[in-house]
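Descriptive structure summary
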Amino acid sequence: MRDQLFRMALVLGLLSAVGPFAIDMYLPAMPQVAADLNTTEAGAALTLTSYFIAFGIAQMIYGPMADAIGRKKPMALGVAIFLVATVAAALAPTIGWLILARAVQGFGAATLMVVPRAVIRDVATGPAAAKMMAAIMIVISISPMLAPLTGSLVMAWGGWREIFGVLGAAALLSLFLILAVLPETSEPQNRQPVRIAQMMAGARRLLTDRRFMGLTMIGGFGMASFFVFLSTASFVYKHQYGLSPTGFSIAFAINAIGFFSASQFAGRLAEQFGMERVISLAITGFSGLTLMLTALVWSGADALPLVVAGLLVANACLGLVIPTTMVMALDPHPDIAGLASSLGGTIQMLTGGLMIAVTGPFMDNTSATMVAGIALCALLAWCAAAASLPRLRLGRMV
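Residues numbered from 1 in each chain as written. Predicted model: local features only at pLDDT ≥ 70, side-chain atom pairs only at ≥ 80, totals over all residues. Heavy atoms only, no water.

1. A closer look at the overall build of the chain
Scanning the chain from N- to C-terminus turns up 17 helices and zero strands. A globule of 398 residues ought to have a C-alpha radius of gyration of about 21 Å, and the chain, at 20 Å, matches this closely. Dimensions of the chain, computed from the C-alpha atoms along their principal axes, are close to 65 × 55 × 40 Å. Expressed as a percentage of its 398 residues, the buried residues of the chain come to 55%. A separation of at least 24 residues holds for 86% of the contacts in the chain among residues at least 6 apart in sequence. As displayed, the chain has an accessible area near 16,800 Å², and 70% of this comes from carbon and sulfur atoms. Both charge centroids of the chain, one from 22 positive and one from 16 negative side chains, sit 7 Å from each other. (Helix = DSSP H or I, 4+ residues; strand = E, 2+ residues; numbered from the N terminus. Rg over C-alpha atoms; globule rule 2.2 N^0.38 Å. Buried < 20%, exposed > 50% of the residue type's maximum accessible area, 1.4 Å probe, protein only. Contact = heavy atoms within 4.5 Å. Areas by Shrake-Rupley, 256 points an atom, 1.4 Å probe, with all protein chains shown as cover. Lys, Arg positive; Asp, Glu negative; His and termini not counted. Charge placed at Lys NZ, Arg CZ, Asp CG, Glu CD.)

The following block contains the structure:
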């Protein structure tokens, strides 16, 4: 039984990595995309915005679908959509075509974020489920470090279109794993039809819950800061610092290490100090560090090592915020935890996508505007915490 769960965790981990790879593997190629398709950096960044927004919206569809018709069909459908969109992206003649293809790609990839969690719930509980989820998270955590390097290697012998060719091959492998290897874990007698009225009532309850929305927006603006970094870093590191795609990938991996390393300690710190205290200290540290980095960069201290080190430390604080706010937001709603998870994820992805669109026109390929955009998101996250969780006394706990 243990070997079977391990094999299933491995398959689910590989499937769950497709979505992050579709984001991060593409990052080193964004300057080349802008040049080849005769568009601006803001136009190229919209290919990420469209992906994130569609990815967020689709989470609200695949969760109820998986409860109604089983796990395999929604995953197979989503991966098939992802595959078709990937081929369309590889053939894109214009930036508008690519933006649309990336949106459809994000819509398909969302199934591999939502449904694997339901599969785990079907086959394991307690420590066994926690171990399976940990195995998946390890794969997802490694992908931001490996995916840009993989993308830069593909670009060394091809171009940005070949990156989508590799993603298409990954989609084909995923489809094979879903159809031939992964068992159906939802028994027909346990399936639940989609009830729109109940979903609307649950959504209304969540949207009017000040604590749920506050925690969701803290995490949403925190994620938005990372999305702003994703959409601008490749241009900044290339134009201001002269890094190659491989050099950018290494710098990006260093920044990602801070986030994902710290996130592994979130549970342990929450047990020791309490989740509210962890959020208070982390969100205050995150906003303070990004504002400090912005001040230094705008004063002229914009050397690459300082920017990378500053973002590394700031993202470590962010790594404590994201998982903790997710857990706290779901805790008061055990009866609609699935809906709360989907709605929270949708709101956060939409927030991230919209912040890319809002900050994009002000970006000028310099670290000054990049860190300012990140600091703006951090400040909004702090304001969300101060407005919705006044008992945290944020300023007195630093």
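The structure having been displayed, the exposition proceeds.
2. Quick look at the domain arrangement of the chain
Here the domain parsing of the chain yields domain 1 (1-182) and domain 2 (209-389). For domain 1 versus domain 2, the separation of C-alpha centres amounts to 21 Å. Contact with domain 1, which involves 28 residues of that partner, is made by 32 residues of domain 2. With both chains or domains summed, domain 1 and domain 2 bury close to 2,500 Å², and 77% of this area falls on carbon and sulfur atoms. Our count for the domain 1 to domain 2 interface comes out at zero salt bridges. Elements represented by at least two residues in the side of domain 1 that touches domain 2 include exactly α2 (18-24), α3 (30-36), α4 (41-69) and α8 (126-157). In terms of residue count, α4 provides more of the side of domain 1 that touches domain 2 than any other element does, 13 residues in total. (Domains from an automatic or database assignment. Buried area = accessible area lost by both parts, 1.4 Å probe. Salt bridge = Lys/Arg side-chain N within 4 Å of Asp/Glu carboxyl O.)

3. Side note on the pattern of salt bridges
Evaluated as defined, the whole model comprises one salt bridge. Ionic pairing is found between arginine 211 and glutamate 276, a salt bridge with its closest N-O pair at 2.9 Å. In this pair, arginine 211 sits in helix α11 (residues 210-239) while glutamate 276 sits in helix α14 (residues 275-298), placing the two residues 65 residues apart along the sequence. Accessibility expressed as a relative area gives 31% for arginine 211, which makes it partly exposed. Residue glutamate 276 is classed as partly exposed on the basis of its relative accessible area, which comes to 34%.

4. A look at the nonpolar core
Leu48, Phe52, Leu98, Phe229, Leu230, Tyr237 and Met370 are the most contacted members of the largest nonpolar core, which totals 119 residues. At 17 residues, α11 tops the list of elements feeding residues into this core. If we ignore the near neighbours within four places in the chain, the residues touching tyrosine 237 are Phe229, Gly242, Leu243, Phe248, Ala251, Asn255, Leu304, Val307, Val308 and Leu311. (Core = buried A, V, L, I, M, F, W, Y, C linked by side-chain atoms within 4.5 Å.)

5. Description of the side chain of threonine 47
Topologically, threonine 47 is positioned in helix α4. Under the relative-accessibility criterion, threonine 47 is labelled buried at 0%. At 2.5 Å, the side chain of threonine 47 and the backbone oxygen of alanine 44 are in polar contact. Non-local contacts of threonine 47, meaning those with residues more than four positions away in its chain, are made with Tyr26, Ile95, Leu98, Ile99 and Arg102. (Polar contact = N/O pair within 3.5 Å; in protein donor to acceptor, adjacent residues only side chain to side chain.)

6. Notes on the state of the cysteines
For the structure shown, the criterion picks out zero disulfides. Here cysteine 317 stays free of any disulfide, with the sulfur of cysteine 377 as its closest cysteine sulfur at 16 Å. Overall, the relative accessible area of 16% leaves cysteine 317 in the buried class. The structure places no disulfide on cysteine 383, whose sulfur is separated from the nearest cysteine sulfur, that of cysteine 377, by 12 Å. A relative accessible area of 37% means that cysteine 383 is categorised as partly exposed. (Disulfide = S-S within 2.5 Å.)

7. A word on the confidence of the model for the chain
Mean pLDDT over the chain stands at 86; residues scoring 70 or higher make up 91%. The least confident element of the chain, judged by mean pLDDT, is α8 at 73; the most confident is helix α6 (residues 95-109) at 96. (pLDDT = per-residue confidence, 0-100.)

8. Side note on the side chain of asparagine 315
Here asparagine 315 lies in helix α15 (residues 304-330). If near-sequence neighbours (up to four positions away) are discounted, asparagine 315 is found in contact with Phe226, Asn255, Gly258, Phe259 and Phe286.

9. A short note on a nonpolar patch on the surface
Nonpolar side chains collect at one region of the surface, where Val87, Leu91 and Trp97 lie side by side and expose about 320 Å² of accessible area between them. Within the element layout of this structure, tryptophan 97 appears in helix α6. Tryptophan 97 sits in the partly exposed class, given a relative accessible area of 41%. (Patch = residues over 30% accessible without salt bridge, like charges linked within 9 Å, V, L, I, M, F, W, Y side chains within 5 Å.)

10. Brief notes about α14
The terminal C-alpha atoms of α14 lie 34 Å apart, and with 24 residues this matches the ideal 34 Å at 1.5 Å per residue to within 8%. Taken from the residues just after α14, glycine 300 is the one with a positive phi, measuring 115 degrees. (Expected span 1.5 Å × (residues − 1).)

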